[in-house]
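In case you want the letters, here they are:
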Amino acid sequence: MGDLLAYSGVSTKLRAMQSRLFTREQCLELAASKNVTEAVNYLRQHPAYHDAFARYEGEDLHREKIESILDQTVSIDFQKIYRFCGAKQRRFLDMYFQKYEVKVLKRCLSMIFDHRDVSIDLSYFEDFFSQHSKMDPERLAECKSVDMLLAAVADTRYASCIAKVKDRQGSSMWDYGVALNYEYFMNFWKQRKKYLKGDALDIITEAYGTKMELLNIQWIARGKKYFNMQPHQLRALTLPVGVHMSKKQLRALEEAPTMEEFEHVLSATYYGRHYPGFDVDHMEQMYVKIRKDIQHRNGRREPYSLAAVISYIFDKECEIDRLTSILECVRYGLDAQTVLGL
């Protein structure tokens, strides 16, 4: 009864927000747009995206701006959920919020490495971000180098993480991104028991443990395939968690001498046994499928819990990825139904 009362308001809000997620039919209608302008106008008419695009009415939006507006709708929804939560739930969401800080930092680093002006558009999220983060978006937007970024985040948990990567000769944007992800996930993993108990802890542990293991598999595969990284280098990247995989299996993946051997080891893991088609060529698709299965199952099992909150946010993030891909298909005249399997 306690959880029912604590989550009754946010549960009602989530159901309303879920009802505004794109249906398959709406995805097909968007994909049938003759051009990007027509597609954006379609998005403007959709209840979940009307407000985000309203302020740009009449503007000829470029690709980067459209993607930024879509991306911000996840942040907008996060704010709405946060406001409906009580103090106990907000403590967890404050920890979860750090993923948005990491996202902003990765955006800064991307612009620095691309040698372009940094564009950080928080718009609807700016007030909320400023209240919950020590980072100053305006100062971050002025960063033209990693040194300037380090100075801008000097008082945050991310300073030492970025500094360590910078000290390694030849560090790439990928190195910084992996290091920031590692910092976020390990802090989340260590702190989760402070804010969660009982079934809620078990649900989040499985959901995030699975996510981290799937990321480990992807990072190891990419490190081997594209960067020829050695086992000790891969070990420094992997998250030390064990939900469905043992440490022995993780080490075997890191130490696999060839991609063929990597595939062989992967096939013997929980993911290889339970998910046919899980291989190097389909990792991203399987990552989404497996996470979606777990999030939806947990959301149905515990509708009055944080599981429902995390499940909705995941669905929203997947929708943004799908809409962005559809817009790309429209832009280049591709058959979105065929490309995306709509």
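See the structure printed just above.
Model, not experiment: these values are computed from the prediction. (Residues numbered from 1 in each chain as written. Predicted model: local features only at pLDDT ≥ 70, side-chain atom pairs only at ≥ 80, totals over all residues. Heavy atoms only, no water.)

**Section: the packing of helix α2 (residues 24-31) against helix α3 (residues 36-45)**
Here comes step 1: Viewed as axis vectors pointing N to C, α2 and α3 meet at an angle of 150 degrees, and their least axial separation amounts to 9 Å. Mapping the contact onto sequence places Gln-26, Glu-29 and Leu-30 in α2 and Ala-39, Tyr-42 and Leu-43 in α3.
Here comes step 2: The class makeup of the residues in the contact of α2 with α3 is four nonpolar, one polar and one charged. (Axes fitted to C-alpha atoms, helices over the stretch in contact; angles between N-to-C directions. Helix = DSSP H or I, 4+ residues; strand = E, 2+ residues; numbered from the N terminus. Contact = heavy atoms within 4.5 Å. Nonpolar A, V, L, I, M, F, W, Y, C, P; charged D, E, K, R; others polar.)

**Let's talk about the pattern of salt bridges**
Here comes step 1: By the definition in use, this model includes 16 salt bridges.
Here comes step 2: Notably, a salt bridge pairs Asp-71 with Lys-103, separated by 2.8 Å at the nearest N-O pair. Linking Asp-71 in helix α5 (residues 63-84) with Lys-103 in helix α7 (residues 98-114), this pair joins segments that are 32 residues apart in sequence.
Here comes step 3: Lys-103 sits in the partly exposed class, given a relative accessible area of 41%.
Here comes step 4: Among the salt bridges present, the one from Asp-293 reaches Lys-289, with a minimum N-O distance of 3.4 Å. Placement of the pair is Asp-293 and Lys-289 together in helix α18 (residues 283-301), with a separation of four residues, close to one helical turn.
Here comes step 5: We classify Asp-293 as partly exposed; its relative accessible area is 33%.
Here comes step 6: Take Lys-289: its relative accessible area is 40%, and that puts it in the partly exposed class.
Here comes step 7: Connected through shared salt-bridge partners, Arg-63, Glu-67, Glu-328 and Arg-331 make up one network. (Salt bridge = Lys/Arg side-chain N within 4 Å of Asp/Glu carboxyl O. Buried < 20%, exposed > 50% of the residue type's maximum accessible area, 1.4 Å probe, protein only.)

**A few points about the environment of Arg-55**
Here comes step 1: As for its position among the elements, Arg-55 is in the loop between α4 (50-54) and α5.
Here comes step 2: Given the relative accessible area of 48%, Arg-55 is considered partly exposed.
Here comes step 3: For the pair Arg-55 and Ala-179, spaced 124 residues apart in sequence, the C-alpha separation works out to 36 Å.
Here comes step 4: Leave out the neighbours within four places in its chain, and Arg-55 touches Ser-123 and Tyr-124.

**Focus: the packing of aromatic side chains**
Here comes step 1: The final tally for this structure, using the stated rule, is 20 aromatic pairs.
Here comes step 2: For the pair Phe-78 and Tyr-82, a centre-to-centre distance of 6.3 Å together with 40 degrees between the ring planes defines the contact as tilted. Taken as a pair, Phe-78 and Tyr-82 lie in helix α5 at a separation of four residues, close to a single helical turn. Each of the two residues, Phe-78 as well as Tyr-82, counts as buried.
Here comes step 3: A cation sits over an aromatic face here: Arg-192 above Trp-189, 3.8 Å from the ring centre. (Phe/Tyr/Trp six-rings, centres within 6.5 Å; stacked < 30°, edge-to-face > 60°. Lys NZ or Arg CZ within 6 Å of the ring centre and 35° of its normal.)

**Points about unusual backbone geometry**
Here comes step 1: The residue Asn-228 is not glycine, and still its phi comes out positive at about 50 degrees.
Here comes step 2: Turning to its location among the elements, Asn-228 is positioned in the loop between α13 (198-227) and α14 (231-235).

**What to know about α18**
Here comes step 1: A rise of 1.5 Å per residue sets the reference length of α18, with its 19 residues, at 27 Å; its end C-alpha atoms lie 27 Å apart and thus fit the reference within 8%.
Here comes step 2: For α18, every residue scored as buried is listed here: Met-283, Met-286, Tyr-287, Ile-290, Arg-291, Ile-294, Gln-295, Asn-298 and Gly-299.
Here comes step 3: In this fold, the buried residues of α18 make contact with α13, α16 (259-267), α17 (270-274) and α19 (306-332). (Expected span 1.5 Å × (residues − 1).)

**Details of the side chain of Asn-298**
Here comes step 1: Relative to the elements of secondary structure, Asn-298 occurs in helix α18.
Here comes step 2: The residues touching Asn-298, leaving out its near neighbours within four places in the chain, are Ile-203, Glu-206, Ala-207 and Ala-307.

**With respect to the environment of Gly-9**
Here comes step 1: Mapped onto the elements of the fold, Gly-9 is located in helix α1 (residues 2-18).
Here comes step 2: Linking Gly-9 and Cys-85, residues 76 residues apart in sequence, is a C-alpha distance of 7.6 Å.

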